[in-house]
Every structure is written in structure tokens, then in C-alpha cells.
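As a plain string of letters, each chain reads:
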Amino acid sequence: MDIRVSITSLQMFEDCRQKWFYKYVEKWRARSGSGGSSAMNSGAAIAEGLEAGLLLETNVLKRVDTAKERALAYLTERQNTKLVPGVERALDAVPQWIWDIQVPVAEDKFEVLYEIPALDKYEDLWSADLIIVGKPDLWTIMNDRIKIIEFKSTGDSDSKAKSKLERYYYSPQPLDYAVLLRDTHPELAHLPLYTQHVLVTTRGSCFESEEHLVGARAYARAKDALLTRALETAILEPQRHFGVMCDWCEFKEACDTWRFGGDPQTALEFDFEKRA
Ligand code: SF4
């Protein structure tokens, strides 16, 4: 048995194990045409645009235009063009230093095989392989140091966006990517590694977190925490919660945490289908 988890799925496991169970164990995905929230669609279009602008367009002067074209194509495909103005404002707000990055990297993904710690609680898993995969939004080597940049987007006001950015500081995701990057590229071990969040809003603002150095101790702690979380996915049961994440959850209508009556399975099958 292999235990194969992605950094994105681990973040969801942290946020809500029930949602993780719907998405990664039962493999429900929204039926085409059933939409998804505006925030999700805007965020996905911004991410697609950024990736296309940075990675496909080598002429830095054309990157914003390429990003907008890709985002427009994405929204047109999903018949969601009413989101275009906000998405364009967000892309215009991306700081110039990001568009200027000469050699941006976003490999297909990092994929690392880890040994399962010889602890009693993992006894049933000892014969398994633990594989952790992940793909940071962007990383690059600039000024003799590695930088991992995580992009976020929101439709919130500036004050709410600022407090959101502060909360990202506690998200393990950039550190998880730092661990995978270090373990995939030992030849870069001599370079200091930093992480940073960049948050753009569909109202046209941008907020940047400070750069956080991931030193040797932070790397060791983050690796330990990453392996623990990855293995918990194999030994812990799904668990519902009532939390702030529920209001942004695509499964809310079907989740029996929120349903008072009706059949959750029927609700799931109405909007979702199972991936093969
Ligand atoms: S609605 Fe809330 S409890 Fe239910 S799956 Fe979504 S985040 Fe979890």
C-alpha cells in the first residue's frame, strides 16, 4: 500500500477532514456547469493567468497581457465572463518585481519518497511507501537565494485582505513546499531559502507579506510536522467541524454537518460526480 498525498490535500485535511474525505477519498468533483463560487472561479482564473504570464511568456513586457488573455479564456470556457473585470484588476495589481523575474520556476511538481518513522502508532504502515507531492505557485533563485512565492487572491476589502494575509503566516503550506524543495534539490542546500505570500484583490489592491527565512531548524521542524500530517491521513477518521471554512466550502449543501433533513447522498449526486 502506498500513501500518496499532496500538499494541497494536506491543507484541506487541516481545514476540514470531512471535506478532505469528500474530495480525496470519495473523489467527488463538481459536475461541469454546476459552477463553484465566484471566489473560487476568480481565484482559479487569476492563478491560471499568472502561471501563463510568468512561465509561457519570456518577454516580460508582454506578461500581463498574456496573463489576462489566459484568464479570459479560462472564464469564457466556464461561461463566467462577469468575473473578468475583477480578475483583470487583480492581475494589474500583481507587483512589477514578480513580472520581472527572469527565471521563474514552477516544475510539474516535487515528488519525494519518505521513510515512515519507526513509531508504534505507525506500525500498520511500516510496509508502505510514503510519497508527498506538491507544486508551489512559483519559486525562483534571485540575488543568491531561493524564494518560494505563494499567490492568494480575494474579493475582500483592503482591511479584511490585510488580516487574511496575516493569517496566512500560520499556514504550513509554504514551509511544506520548502521541505519538498530542499529534499528534491540537495545541490541548492547552500542557498538561503525564503518564503513569501502575495495577496491580490479583485478590487485592485496587492499586499505582500514579509519574507520568512526557512533556516535549518525551521526546516527540521517543518519536515517533522509534514510527515506527521501526511501519516495522519492514513490513520485518522473523517471529522466534521463547524468553522469559518464552511462558508467557502463547495460541499456545504451536501455536508450533513449542515443539513437538517434530506439525504446528503442525493444532494451530493445532484451537483457532483465521482472522478475515476
Ligand atoms: S461544509 Fe464545513 S464541515 Fe462540511 S465539509 Fe465543508 S468545511 Fe467541512
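To keep things clear, this report deals only with the structure shown in the data block. (Residues numbered from 1 in each chain as written. Predicted model: local features only at pLDDT ≥ 70, side-chain atom pairs only at ≥ 80, totals over all residues.)

**Section: the overall build of the protein**
Right, on to step 1. Across its full length, the protein carries ten helices and ten strands.
Right, on to step 2. In terms of C-alpha radius of gyration, the protein reaches 20 Å, essentially the compact-globule figure of 19 Å for 276 residues.
Right, on to step 3. Seen through its C-alpha atoms, the protein measures out along the principal axes to roughly 55 × 50 × 35 Å.
Right, on to step 4. Among the 276 residues that make up the protein, the fraction classed as buried is 28%.
Right, on to step 5. Of all intrachain contacts in the protein linking residues separated by at least 6 positions in sequence, the fraction that spans at least 24 positions is 69%. (Helix = DSSP H or I, 4+ residues; strand = E, 2+ residues; numbered from the N terminus. Rg over C-alpha atoms; globule rule 2.2 N^0.38 Å. Buried ≥ 20, exposed ≤ 12 C-beta atoms within 10 Å, placed from the backbone. Contact = placed C-beta atoms within 7 Å.)

**A word on the sheet that holds strand S3 (residues 110-114)**
Right, on to step 1. Pairing is mixed in the open sheet, where three strands are placed in the order S1-S4-S3. This sheet does not close on itself; its edge strands, each paired only once, are strand S1 (2-6) and S3. When strand polarity is set aside, the average angle formed by the axes of neighbouring strands in this sheet is 20°.
Right, on to step 2. Bridging between S1 and strand S4 (residues 129-134) involves five bridges; their strand directions are parallel. The residue bridging Ser 6 from the neighbouring strand is Val 133, located in S4.
Right, on to step 3. Helix H8 (residues 173-184) contacts S3 and S4 of the sheet and is inclined by roughly 80° relative to S3. (Pairing = 2+ DSSP bridges. Axes fitted to C-alpha atoms, helices over the stretch in contact; angles between N-to-C directions.)

**Topic: the nonpolar core**
Right, on to step 1. In this structure, Ile 46, Ala 71, Val 87, Ala 178 and Leu 181 are the most contacted members of the largest nonpolar core, which totals 44 residues.
Right, on to step 2. Sort the elements by how many residues they give to this core and H8 lands first, with six residues.
Right, on to step 3. If we skip the residues at most four places from it in the chain, Val 87 touches Ser 42, Ala 45, Ile 46, Gly 49, Ala 71, Leu 75 and Thr 202.
Right, on to step 4. By size, the runner-up hydrophobic cluster in this structure holds six residues, among which are Trp 28, Cys 249, Phe 251 and Ala 254. (Core = buried A, V, L, I, M, F, W, Y, C linked by C-beta atoms within 7 Å.)

**A short note on helix H9 (residues 216-235)**
What sets the pattern is the α-helix's 3.6 residues per turn: residues three or four places apart point alike.
Right, on to step 1. For H9, with 20 residues, the first-to-last C-alpha span of 29 Å sits near the 28 Å given by 1.5 Å per residue.
Right, on to step 2. As for H9, its buried residues are in contact with S1, helix H1 (7-15), S4 and H8. (Expected span 1.5 Å × (residues − 1).)

**Details of the pairing of S4**
Right, on to step 1. Every second residue of S4 is oriented toward a common face, the buried set being Leu 130, Ile 132 and Gly 134 and the non-buried set Asp 129, Ile 131 and Val 133.
Right, on to step 2. The sheet contact formed by S3 and S4 spans five bridges and is antiparallel. Bridged to Glu 111 within S4 is Val 133.

**Let's talk about helix H3 (residues 38-56)**
Right, on to step 1. Here H3 contains 19 residues, and its C-alpha end-to-end distance of 26 Å stays within 8% of the 27 Å for a straight helix at 1.5 Å per residue.
Right, on to step 2. Those residues of H3 that fall on the buried side of the exposure criterion are Ser 42, Gly 43, Ala 45, Ile 46, Gly 49, Leu 50, Gly 53 and Leu 54. Along the long axis of H3, the arc covered by the buried residues comes to 165°, so they all point the same way.
Right, on to step 3. As for H3, its buried residues are in contact with helix H4 (63-77), helix H5 (84-93), strand S5 (138-142), strand S6 (145-154) and strand S7 (193-201). (Arc of directions from axis to C-beta.)

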